[in-house]
Amino acid sequence: MNNTVSKTSRNSLWVITQGQRTRYSLALVAMGLASVFAIAAPLVGMYALDVVVYRDFSLGTNVLVSLTRELSGSDSFAWYLWLSAAAGVVLTLLAGVFSFLKSRWAAIASEALAQRLRDELFGHLHRLPAAFFDAADSGDLVQRCTSDVETIRVFLQAHVVEIGRAVLLLFAMLPILFWRDYRLAWLSICLMPLLGVGAFVFFRRIKTLFEITDASEGVLTAVLKENLTGIRVVRAFARHDFERDRFGERNRAFRDNYYRLNKVMAIYWCASDFIATCQIGIVLIAGGVFLVEGSLTVGELFVFISQVSMVIWPIRHLGRVLTDSGKAIVALGRVDHILKSPEESVEPTPATGRGRGAITVTNLDFSYPNGQGILRNMSLSVAPGETVALVGPPGCGKTTFIRVLLRFYPYQRGQIKIDDLEINEIDREWIRAQIGVVLQDPFLYAQTIDSNLRVGRPAAPHEDLLQAAQDASLHESISKYADGYDTMVGERGVTLSGGQRQRVALARALLKDPPILVLDDSLSAVDTDTEHRILTALEQRRGRRTTLIVAHRLTTVRNADRILVMDNGRIVQQGSHQQLAEEQGPYRRLCEIQGALDESIRNDLEGLNRG
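Calculation notes
Residues numbered from 1 in each chain as written. Predicted model: local features only at pLDDT ≥ 70, side-chain atom pairs only at ≥ 80, totals over all residues. Heavy atoms only, no water. 1 Å grid on protein atoms, 1.4 Å probe; cavity = no way out; pocket = protein on both sides within 12 Å on 5 of 7 lines; lining within 4 Å. Points joined across faces, edges and corners; volume = space filled by probe spheres on them. Helix = DSSP H or I, 4+ residues; strand = E, 2+ residues; numbered from the N terminus. Nonpolar A, V, L, I, M, F, W, Y, C, P; charged D, E, K, R; others polar. Pairing = 2+ DSSP bridges. Axes fitted to C-alpha atoms, helices over the stretch in contact; angles between N-to-C directions. Contact = heavy atoms within 4.5 Å. Phe/Tyr/Trp six-rings, centres within 6.5 Å; stacked < 30°, edge-to-face > 60°. Lys NZ or Arg CZ within 6 Å of the ring centre and 35° of its normal. Parallel < 35°, antiparallel > 145°, perpendicular 65-115°, else oblique. Left-handed = near helix turned anticlockwise from the far one by under 90°. Buried < 20%, exposed > 50% of the residue type's maximum accessible area, 1.4 Å probe, protein only.

> Help me understand empty space enclosed by the protein in this model?
Any empty space left between the atoms is revealed when a probe the size of a water molecule rolls over them. In the structure shown here, the tally under the stated rule is 4 cavities of 30 Å³ or more. For the largest cavity, the calculated volume is near 190 Å³. Surrounding the largest cavity, 14 residues form its lining, Thr-387, Leu-538, Glu-539, Arg-542 and Ile-549 being those nearest its centre. Within the residue set of the lining of the largest cavity, elements represented by two or more residues are α20 (528-540), β8 (546-550) and α21 (554-557). By residue class, the composition of the lining of the largest cavity is 5 nonpolar, 5 polar and 4 charged.

> How do you make sense of the pairing of strand β4 (residues 413-418) when you look at a structure like this?
Regular strands have side chains that alternate between both faces of the sheet. Examined bridge by bridge, strand β1 (residues 359-366) and β4 share 5 bridges and lie antiparallel to one another. Along β4, the bridge assignment pairs Val-361 with Ile-416. Pairing of β4 with strand β5 (residues 421-422), which is carried by 2 bridges, proceeds in the antiparallel orientation. Following the sheet pairing, Lys-417 is matched in β5 by Glu-422. Where β4 hands over to β5, the hairpin turn is made up of 2 residues, of which Asp-419 adopts a positive phi near 55°.

> Would you take a moment to explain the sheet that holds strand β6 (residues 435-438) for this structure?
The strands making up a sheet associate through backbone hydrogen bonding, with each pair oriented either parallel or antiparallel. Pairing is mixed across the open sheet formed by 6 strands, whose spatial order is β6-β7-β8-β3-β9-β10. The sheet is open, and its two borders are formed by β6 and β10 (570-575), each paired with just one other strand. The mean angle between the axes of side-by-side strands here comes to 20°, regardless of whether they run parallel or antiparallel. As judged from the 5 bridges shared by strand β7 (residues 516-520) and β8, these two strands associate in the parallel manner. Directly across from Leu-519, in β8, lies its bridge partner Ile-549. Its contacts with the sheet place helix α19 (residues 498-512) against β6 and β7, and it is angled at close to 175° to β6.

> Can you help me understand the packing of aromatic side chains in this one?
Aromatic rings in a pair are described by how distant their centres are and how their planes are angled relative to each other. The final tally for this structure, using the stated rule, is 7 aromatic pairs. With a centroid separation of 5.8 Å and an interplanar angle of 20°, the aromatic rings of Phe-37 and Phe-98 are classed as stacked. Of this pair, Phe-37 sits in helix α2 (residues 21-54) while Phe-98 sits in helix α4 (residues 77-126), placing them 61 residues apart in sequence. Centroid distance Phe-366 to Tyr-409: 6.0 Å. Interplanar angle 50°. Geometry classified as tilted. Of the two residues, Phe-366 sits in strand β1 while Tyr-409 sits in the loop between α14 (398-405) and β4, which places them 43 residues apart along the sequence. Grouping aromatic residues by their ring pairs yields a cluster made of Phe-366, Tyr-368 and Tyr-409. The side chain of Arg-183 reaches across the aromatic face of Phe-290, ending 3.9 Å from its centre.

> How should I be thinking about the packing of α2 against α4 in this particular structure?
When two helices pack together, you describe them by how their axes are tilted relative to each other and by the distance separating the axes. Relative orientation of the contacting elements α2 and α4 amounts to 165°, with a least axis distance of 8 Å. Taken together, the axes of α2 and α4 are roughly antiparallel relative to one another. Like other packed secondary-structure pairs, α2 and α4 cross with a definite hand, here left-handed. Among the residues forming the contact of α2 with α4, the class breakdown is 30 nonpolar, 5 polar and 2 charged.

> I keep staring at the sheet that holds strand β2 (residues 375-382) and nothing clicks. Help me out?
Reading across from one edge, β2-β1-β4-β5 is the order of the 4 strands in this open sheet, with antiparallel pairing throughout. Because the sheet does not close on itself, it has two edges, and the strands there are β2 and β5. Two elements, β1 and β2, share 5 bridges in a ladder whose sense is antiparallel. Within β2, the residue paired with Thr-360 across the bridge is Ser-381.

> Even after reading the chapter, I still don't get helix α6 (residues 138-145), so can you show me in this structure?
Given 3.6 residues to a turn, an α-helix orients residues that are three or four positions apart in the same direction. In terms of burial, α6 is largely enclosed, as 6 of its 8 residues are buried. Residues of α6 that are buried: Gly-139, Asp-140, Leu-141, Gln-143, Arg-144 and Cys-145.

See the structure below:
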């Protein structure tokens, strides 16, 4: 069955800004108005300087000249200067207000887009097949969902509108400069193309470096996460020095890559600062010459210097904008890689209601993408309420069958039916709702014991929770904690022993009360006395649900209705414990081995007691 790509590609800003384009449009309008007022303020200053320096009101603006005469009753240069200053303050204030609105709308839009992107990534990851996570690095996935999304957010908030601002300022300034003096106008923009070309070249170089740096940061994050998760293994095997050296190697690689990135950035900033300063210097020197010649006024020189300074730095800043756009493009690609990954297929006709628990497997063939874990022509039938055990050597396919039953992986040939429903044709959620799984190494959330028990049935009555804990031989252990069921278990249940984690997982599955219960070597970490109590409790529930038991201990499986012996992906024997123990085959050899081990242990204990 083919999987489908669930989301539209997010590799362009046009797609990713969907839903917030109105706010970005408002931000662009506000930015345009802010730029207009910012450009107008130096013009007011130009007229004021010319009027005061040349003592000629004909060089001033008609509105301010008329207002000066009306307020002062005469041609007062002081009044004109004060009114010009007030007009400049008002224009600057308006530019600031619209600049604030621009930043506010851009910030709201970018935060909303980042939140939506994180939600989409998290939701999509939960719908990806197990094979995706087999090949993925969890540390790298965490970085893509956090650091890369933050890179995109920063670019959307700070730089998308800035690109428009720089372009608008440049094209709004040019007519004014050519209107005042075309010679100085050409000189005012002579170095700007050099800045633009430099920014583009810098962008091409920095994009490649950022891809390398981001990848090395992902490797560093993965090593750090792996060590924090397995810190007890590191200490138990005295691997501190080895892991420190491994982390140091990844850290040095990240440092070196970041150093090269910063080196290129430093070269660009130094070069662009020099060019920008030279551009202003050219305007100042040429303007001084034209001023001495009498072809340029003091006010016009002020406008040229003000507006060139106002534009040259945003153009120079385009290098930074392009840098972050390079980062954003790389981050978009990394995020898009997840969002384009095919999800698990969704069947059009989901099943409803509670199943009976019947399982039928016919001629099942399966192998992982790498060719390992093969099931060959496997067939079995489990009646509702029957207890069936799967035994066999490691790698024979027991756990693989459970994964296929849960539809973690698609099988290549054959059929698996639950209650006469082919599992490839019904909703995965319904299938998984019918099955309660207890794994050998169960995962617990860093929450309370109560929260962990309620994972499969959040609204379960407290009486049912207590009963499930008692059946799993867990209640007595929990009662010893000061906070009881409100005890925090730490990350992955690290504060509990292996046997306690398994019993929490078992109680969680029992509380869910599914029609099918799967115990995948889930009592391997408990002692024999606890195992006996648990099996006794499960025996009392026999017939209420279908139970599949995967185990290596014969004490765990000997009371099952049927025992299936697997080898090389096939069922080679099946029957009750008594039947299989009496006939030649793998199960009898297993009985003899475990019987010999039990006898050896008893002899050793008796020897110790006599001593």
